[in-house]
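Residues per chain, in single letters:
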Amino acid sequence: MTSTPVRYRPDVEDVKPDEAQTIEGLCETFDTILQTTAENDGHAIRSVHAKSHGILEGTLTIDANLPPELAQGLFAKPGTHTVFMRMSTNAGDILPDAVSLPRGLALKVLDVDGERLPEAEGTTQDFVMVNGKVFQAPNAEKFLGSLKLLAKTTDRIEGVKVAASTVLRGVNKALTAVGIESPTLGALGGAPNVDPLGETYYSVTPFRYSDYIAKFSVAPVAPALTALTGTEIDASGRPDAIRETVQAEMRGIEGVWEFRVQLCRDLDRQPLEDPTVEWNEEEAPFQRVATITARPQDSWDAAQVDAVNERMRFGVWTGLAAHRPLGNINRARNAPYRHSAKFRERFNGCPIHEPTGGD
């Protein structure tokens with residue numbers, strides 16, 4: 001590990017001339033998913049990570065006496081913030097939990113001071129993560145191709161998806177046993193059907209970290225959570241097995257997670273534009289900057305689900321200029337995320353807003 005992290009400067013990104021066309025294609029494809037699910041259900045849901053398994057309210061406590069390279073942006077000074085955590089899986093339709101998919105964690109930090117990103121409403125800072133270290137596509141154009149295939153399967157024959165997921169899980173386990181990781185198989189339904197409370201989550205894509213560049217991670221540290229790491233949930237005959245499991249567990253667990261930062265130390269070895277490249281943790285280790293604590297609670301409380309699941313949006317472009325999303329995939333996430341939220345707001349007649357601690 002080199003001692004000095006790479007300093008952020010505007011020219012670290014490589015913006016391609018055709019990105020606007022790709023983003024337009026993403027919005028159109030998300031429209032296909034949104035329209036299909038909304039018309040079938042009479043209710044608009046998210047175009048990705050549609051199914052939520054739990055909503056938690058907690059507190060983010062920023063560490064005191066952080067070294068200068070870590071005391072940046074939101075984490076520049078110690079303090080506490082209310083947070084909402086939304087656990088999900090990545091499909092754009094509501095599937096039975098026997099279709100096992102990668103887990104997602106969206107984190108909304110309230111009452112954050114500082115210069116905002118363009119069009120970032122309110123005073124919140126969002127972090128969007130998954131339980132894998134790399135993205136499934138090297139760029140937005142490749143991701144669009146995969147998304148078009150997934151859009152064709154939206155809301156198609158649940159039984160076939162369940163059967164296919166069972167086969168893909170078996171293939172994925174066989175590959176993992178010989179040291180081969182396959183994000184693609186996981187995204188198609190071959191991910192282990194793990195308990196989301198025991199998982200470590202990663203931003204996968206890089207962000208500005210005020211003076212520096214970083215990826216983020218949220219990792220369980222409370223013994224009650226780490227005891228669940230890798231535990232698989234039997235969803236046979238239980239379409240909402242994950243939600244039920246999390247709800248039962250969180251009634252008796254005080255959850256504690258570390259929020260960690262991985263500073264970029266070599267742009268060649270830790271590239272910004274290709275999120276399929278894992279940043280080696282020996283060369284660029286994750287370091288704790290804060291802890292998240294969630295008291296025992298009902299993770300599927302009706303009022304909380306309505307407030308967070310229905311009336312909020314989560315997006316990497318909601319937050320501080322000090323944590324500007326970087327790289328091709330992140331640049332392509334801005335317009336489609338907003339597009340999806342506006343569709344939900346319009347179809348459901350339910351305003352979406354950024355909360356404050358006084359709400």
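Residues numbered from 1 in each chain as written. Predicted model: local features only at pLDDT ≥ 70, side-chain atom pairs only at ≥ 80, totals over all residues. Heavy atoms only, no water.

- Per an unreviewed UniProt entry, the recorded name for the protein is Catalase, and the organism is Methylobacterium thuringiense.

1. Thoughts on the overall build of the protein
Part 1 of the argument: Of regular secondary structure, the protein possesses 8 helices and 9 strands.
Part 2 of the argument: The proportion of buried residues among the 359 residues of the protein is 54%.
Part 3 of the argument: Counting only contacts in the protein whose residues sit at least 6 apart along the sequence, the fraction spanning at least 24 positions is 78%. (Helix = DSSP H or I, 4+ residues; strand = E, 2+ residues; numbered from the N terminus. Buried < 20%, exposed > 50% of the residue type's maximum accessible area, 1.4 Å probe, protein only. Contact = heavy atoms within 4.5 Å.)

2. Structural notes on helix H8 (residues 328-348)
Part 1 of the argument: With 21 residues, H8 ought to run about 30 Å at 1.5 Å a step, and its terminal C-alpha atoms sit 31 Å apart, in line with that.
Part 2 of the argument: Roughly 30° is the biggest bend found in H8, and it falls at Asn334, with proline Pro336 one to four residues downstream.
Part 3 of the argument: The positive-phi residue at the C-terminal boundary of H8 is Gly349, with phi of around 60°. (Expected span 1.5 Å × (residues − 1). Bend = angle between axes of the 7 residues up to and from the residue.)

3. Quick notes on the environment of Phe207
Part 1 of the argument: Within the secondary structure layout, Phe207 lies in strand E6 (residues 207-209).
Part 2 of the argument: Sequence-distant contacts of Phe207, that is, excluding residues within four places in its chain, are made with Tyr212, Ile213, Ala214, Phe216, Val316, His323, Arg324, Pro325, Leu326 and Asn330.

4. Considerations on the pairing of strand E7 (residues 212-220)
Part 1 of the argument: By the criterion of burial, E7 is predominantly enclosed, with 9 of the 9 residues buried.
Part 2 of the argument: Of the two faces of E7, the one carrying Tyr212, Ala214, Phe216, Val218 and Pro220 and the one carrying Ile213, Lys215, Ser217 and Ala219 are both buried.
Part 3 of the argument: Where strand E5 (residues 201-202) lies against E7, 2 bridges are found, and the strand directions are antiparallel. If you follow Tyr201 over to E7, its bridge partner there is Val218.
Part 4 of the argument: Both E6 and E7 contribute to a ladder of 3 bridges, which runs antiparallel. Counterpart to Arg208 in the pairing with E7 is Ile213.
Part 5 of the argument: A loop of 2 residues connects E6 with E7, the two strands running antiparallel in sequence, and Ser210 in this loop sits at a positive phi of about 60°. (Pairing = 2+ DSSP bridges.)

5. Considering the packing of aromatic side chains
One pair of aromatic rings is described through two measures. These are the centre distance and the angle between the planes.
Part 1 of the argument: Throughout the structure, instances matching the rule amount to 11 aromatic pairs.
Part 2 of the argument: Pairing Phe127 with Phe216 gives two aromatic rings, centres 5.2 Å apart and planes at 80°, and the pair type is edge-to-face. Placement of Phe127 in strand E4 (residues 125-130) and of Phe216 in strand E7 is noted, with a sequence separation of 89 residues between them.
Part 3 of the argument: We classify Phe216 as buried; its relative accessible area is 1%. (Phe/Tyr/Trp six-rings, centres within 6.5 Å; stacked < 30°, edge-to-face > 60°.)

6. Here's the deal with the nonpolar core
Part 1 of the argument: Of all hydrophobic cores here, the largest spans 58 residues; its most connected members are Leu60, Phe75 and Phe259.
Part 2 of the argument: Sequence-distant contacts of Leu60, defined by excluding residues within four places in its chain, comprise Leu74, Phe75, Gly79, Thr80, His81, Val83, Val109, Phe259, Ala290, Thr291 and Ile292.
Part 3 of the argument: Residues Ile23, Ile33, Phe143 and Ile329 belong to the second largest nonpolar core, which totals 16 residues. (Core = buried A, V, L, I, M, F, W, Y, C linked by side-chain atoms within 4.5 Å.)

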